[in-house]
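These are the residues of each chain, in order.
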Amino acid sequence: MSTIAEIDLHLWLALLMIGVAPPVFVFLLFRTAPYGRHERRGFGMGIPGRVGWVVMESPAVLLFAAIYFLGDHRFQTAPLALLFLWQLHYVQRTFVYPFRIRAGRTMPLLIVLSALLFNVWNAYINARFISQLGSYSEGWLADPRFVAGTALFLVGWGINLRADSILIALRRPGERGYSIPRGWFYDRICCPNYLGEMLEWFGFALAAWSLAGLAFALFTVANLAPRALANRRWYLETFPDFPRERKALIPYVI
Ligand code: NDP
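Small disclaimer: the values here were computed from a predicted structure and weren't measured. (Residues numbered from 1 in each chain as written. Predicted model: local features only at pLDDT ≥ 70, side-chain atom pairs only at ≥ 80, totals over all residues. Heavy atoms only, no water.)

(A) The arrangement of the pattern of salt bridges in detail. Scanning the model with the defined rule gives seven salt bridges in all. Between arginine 172 and glutamate 175 there is a salt bridge, and its shortest N-O distance comes to 3.4 Å. The residue arginine 182 makes a salt bridge to aspartate 241 at a minimum N-O spacing of 3.9 Å. Of the two residues, arginine 182 sits in the loop between helix 5 (144–168) and helix 6 (192–208) while aspartate 241 sits in the segment after helix 7 (211–238), which places them 59 residues apart along the sequence. Using a relative accessible area of 52% as the deciding quantity, one classes aspartate 241 as exposed. (Salt bridge = Lys/Arg side-chain N within 4 Å of Asp/Glu carboxyl O. Helix = DSSP H or I, 4+ residues; strand = E, 2+ residues; numbered from the N terminus. Buried < 20%, exposed > 50% of the residue type's maximum accessible area, 1.4 Å probe, protein only.)

Below is the structure:
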């Protein structure tokens, strides 16, 4: 059973995420989040990068699953399929990716805590919608929105995974330096991993047909598009032979 108060709360939390996305986008255009290649002094204590990834992403797996399994629709096919898509991404991101990266760096605790808070918020609105507040018919798996959204999600997931793997392979164990990634989408754009991530969450929003999914997709753009632009500037400043025609995020466009 969901109360009117919870339906209102859920709506406001999803609208709030949509509302904060534009200011976050503008802020991050001018102040790049200080982790990885953009690490800077003055952001307080740091923790090992691997630990940071596991801690900040854990709510997206564990809290999401806990909230999902409290919902009345938890054993219906469409919610289970959406749960599967979500966890396909987040189990990898939380418990596999951090152990694949060649991470010698620390990550500011401030970044870890803000991402953790965001993941709690995001897990609640998305998990609660798919297993309780939303309602999917028996035929939803054959609905064009679910089919197209799932296809988009899987394409994005594949791009994100391969793009991250190419970056990881640029370093040998113990190395911390940077080089120019080449080949595949990297010949056209600097950040195919971010492009893949955005496609995934727009795909998920379409497959779930939810305001919560759309809110997360928009927030992902607000978070990653400015970082892709900053990464391109960084490559141009760092490597004199960096190909100037390589865009940040969308081939031939930006
Ligand atoms: P980056 O592309 O900055 O880095 C990915 C990994 O590759 C890091 O270990 C980085 O090392 C290393 N690396 C990057 N470029 C090079 C290079 N030129 N040479 C050698 N090594 C390199 O990605 P992020 O860390 O920002 O994000 C990681 C993943 O998390 C991505 O898939 C991204 O889509 C996802 N993400 C999703 C968000 C969302 O809002 N949904 C938010 C943030 C990330 P180092 O750390 O030392 O720089």
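(B) The site of the ligand, seen in detail. Every one of the 25 residues lining the ligand counts as a neighbour, but Tyr35, Asp164, Tyr178, Ser179 and Tyr194 are closest to it. Within the side chain of arginine 93, an N or O atom sits 2.8 Å from an oxygen atom of the ligand. Within the backbone of serine 179, an N or O atom sits 2.7 Å from a nitrogen atom of the ligand. In isolation the ligand has 880 Å² of accessible area, and contact with the protein removes 91% of it. (Near = heavy atom within 4 Å. Polar contact = N/O pair within 3.5 Å; in protein donor to acceptor, adjacent residues only side chain to side chain. Areas by Shrake-Rupley, 256 points an atom, 1.4 Å probe, with all protein chains shown as cover.)

(C) Representation of the packing of aromatic side chains. On inspection of all chains with the given rule, the structure shows 22 aromatic pairs. An angle of 80° between the planes, with centres 5.3 Å apart, marks the rings of tryptophan 53 and tyrosine 97 as edge-to-face. One end of the pair, tryptophan 53, is in helix 2 (residues 49–68); the other, tyrosine 97, is in helix 3 (residues 77–100), with 44 residues separating them in the sequence. Their ring planes at 70° and their centres at 5.1 Å tell us that tryptophan 234 and tyrosine 235 sit as a pair that is edge-to-face. As far as the burial class goes, tryptophan 234 and tyrosine 235 line up, both buried. In this structure an aromatic cluster arises from ring pairing among Phe64, Trp86, Tyr90, Phe118, Trp121, Phe153, Trp201, Phe204, Phe216 and Phe219. The ring of tryptophan 209 has arginine 145 sitting right over it, with the charged end atom 4.8 Å from the ring centre. (Phe/Tyr/Trp six-rings, centres within 6.5 Å; stacked < 30°, edge-to-face > 60°. Lys NZ or Arg CZ within 6 Å of the ring centre and 35° of its normal.)

Interpretation note: all reported values are geometric properties and have no functional meaning in isolation.
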